[in-house]
Amino acid sequence: MHAIPYASSVMRLLAIETSCDETSAAIIAGEGERVWPEAHLVRSQIDIHQAYGGVVPEVAAREHLAYILPMVRSVMKGAKGEIDAIAVTAGPGLAPALRVGVEVAKTLAADWKKPLVPVCHLEGHIYASWLRENAEHIVTDLHELPQFPALALIVSGGHTELVLMRDHADFVRLGETIDDAAGEAFDKVAKMLGLPYPGGPEVAKLAEGGNSQAFSFPRAMLDKDNFTFSFAGLKTSVLYTLRDNEEKMTDETFRRDIAASFQEAVVDVLIKKTTKAVAFYKPASIILAGGVAANLVLRARFQTMGKELGVPVHVPPFAYSLDNAAMIGVAGYFRFLHGFTTDPLTLKADPNMDIV
Ligand code: KG4
Ligand code: ZN
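The shown structure was predicted, so the numbers you read here are calculated from the model rather than taken from an experiment.

What about the site of ligand 1?
Among the 16 residues in the neighbourhood of ligand 1, the closest are listed as H125, G157, D187, G200 and N295. Residue H125 places a side-chain N or O atom 2.9 Å away from an oxygen atom belonging to ligand 1. At 3.0 Å from a nitrogen atom of ligand 1 is found a side-chain nitrogen or oxygen belonging to N295. For the shell around ligand 1, the secondary structure elements donating two or more residues are helix 4 (121-127), helix 5 (182-192) and helix 6 (199-207). If you tally residues by element for the shell around ligand 1, the top one is helix 5, at 3 residues. Class assignment of the residues belonging to the shell around ligand 1 gives a composition of 5 nonpolar, 9 polar and 2 charged.

Some points on the packing of aromatic side chains
Inspection of the entire model under this criterion finds 12 aromatic pairs. For the ring pair F280 and Y281, a centre distance of 5.0 Å and an interplane angle of 65 degrees mean the geometry is edge-to-face. Among the residues examined, F280 registers a relative accessible area of 61% and is labelled exposed. With a relative accessible area of 30%, Y281 lands in the partly exposed category. In textbook terms, an aromatic cluster arises when at least three aromatic residues are bridged by ring pairs, as seen for Y127, W130, F148, Y333 and F334. Its guanidinium or amino end placed over the ring of Y67, R43 lies 3.6 Å from that ring's centre, counting from NZ or CZ. Above the plane of the ring of F340 lies R335, whose end atom (NZ or CZ) is 4.5 Å from the centre.

Details of the nonpolar core
Judged by nonpolar contacts, the single largest core of 64 residues is most densely connected at L14, I16, I126 and W130. Take this core: its biggest share by element is 10 residues, from helix 10 (residues 325-337). Residue contacts for I126: discarding those within four places in its chain leaves A152, I154, V163, M165, F171, I287, A289 and I355. Core analysis: the next-biggest nonpolar cluster, separate from the first, contains 47 residues, A190, F217, F229 and A293 among them.

With respect to the coordination of the zinc ion (ligand 2)
On the protein side, the zinc ion (ligand 2) has H121 (NE2), H125 (NE2) and D323 (OD) as donor atoms, found 2.0 to 2.1 Å from it. The sequence pattern describing where the donors of the zinc ion (ligand 2) fall on their chain is H-x3-H-x197-D. Linking H121 in helix 4 with D323 in the loop between strand 10 (313-314) and helix 10, this pair joins segments that are 202 residues apart in sequence.

Some remarks on helix 10
Taking 1.5 Å of rise per residue, the 13 residues of helix 10 would be expected to cover 18 Å, and the 18 Å separating its terminal C-alpha atoms lies within 8% of that figure. In terms of burial, helix 10 is largely enclosed, as 13 of its 13 residues are buried. Near the N-terminus of helix 10, the side chain that reaches the backbone nitrogen of A326, with its oxygen 3.1 Å away, is that of N324.

Analysis parameters
Residues numbered from 1 in each chain as written. Chains lettered and ligands numbered in written order. Predicted model: local features only at pLDDT ≥ 70, side-chain atom pairs only at ≥ 80, totals over all residues. Heavy atoms only, no water. Near = heavy atom within 4 Å. Polar contact = N/O pair within 3.5 Å; in protein donor to acceptor, adjacent residues only side chain to side chain. Helix = DSSP H or I, 4+ residues; strand = E, 2+ residues; numbered from the N terminus. Nonpolar A, V, L, I, M, F, W, Y, C, P; charged D, E, K, R; others polar. Phe/Tyr/Trp six-rings, centres within 6.5 Å; stacked < 30°, edge-to-face > 60°. Buried < 20%, exposed > 50% of the residue type's maximum accessible area, 1.4 Å probe, protein only. Lys NZ or Arg CZ within 6 Å of the ring centre and 35° of its normal. Core = buried A, V, L, I, M, F, W, Y, C linked by side-chain atoms within 4.5 Å. Contact = heavy atoms within 4.5 Å. Donors = N, O, S within 2.8 Å, 3.2 Å for Na, K, Ca; no water. Expected span 1.5 Å × (residues − 1).

Set out below in structure tokens:
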């Protein structure tokens, strides 16, 4: 395991996440490689955005603004000591939504005279694997944690990419999607099936009991010698199949089979591309990250893949798979230990922020 400076004392961060439609604040404590949440709150805005069929950035920002300060106040009461720094998601995400968290974090950092640590949301998703489902459980055996180099598959609503994590704060992107993200494909197929936003969990639910071999949807880029993804063709193929079978749109078996076959195609591509990257880069561990990591079929297939390849797999605790501030606090903790702080007066939200 890589040596960490100041490993002997507990550090504590306030973390803020407002990149999309979850308002979240957390207190993360850490000692060396170990991290744990002392307080954590998430407020989802899904009910509000459902009426629009997707997230409306200005509405998201208004909701973040109404809830973030009371949440910060509440988690601060759970801190078991003084905080050492403030971590905030600086990007990627929806500009008006990100700005709320960033401005609040800047103001608090300046007022409390605490260092400010900007965090990339995608890096946060990766660090969710450092947390445990039971917040009281603090890792004692460091081998329970991901080892470097780690290969991370990030699958969220806006991103699908394979990233090599050579160390804390040291990432190389191996490849990404050239069109839709995996979560976006789930959301769009859900819309085609008349299911509410966010579509991922809805399609996954519909797929239960469906025949995943009923339709052979395309698996793009599998023969290519790269780590690039594409889900637009798959989405279009589902659309054409639905158009060609309009009379069956209310047939529950047909709908289940479509959902299961679509999900199978997505999972298949994700697993095969990850397997290819493992063969090439020989990582010491494999990490699943991002909202689509909440998909039970993908979680199970990831575990099987790890066993077959003989490489430890880290799937984030279910509670930290979707957007949350705890994962941002963990990423911020390791960034802070490595000296990545910024001037509270100059930090700007960056909707297109990259992991590298
Ligand atoms: O990471 P996340 O919470 O937000 C972004 O950073 O984008 O990911 C949200 C995405 C949405 O596209 C949602 O449909 C998808 O994750 N998702 C799922 C499941 N739960 C959430 N996709 C498939 N199966 C699920 N169970
Ligand atoms: Zn996310």
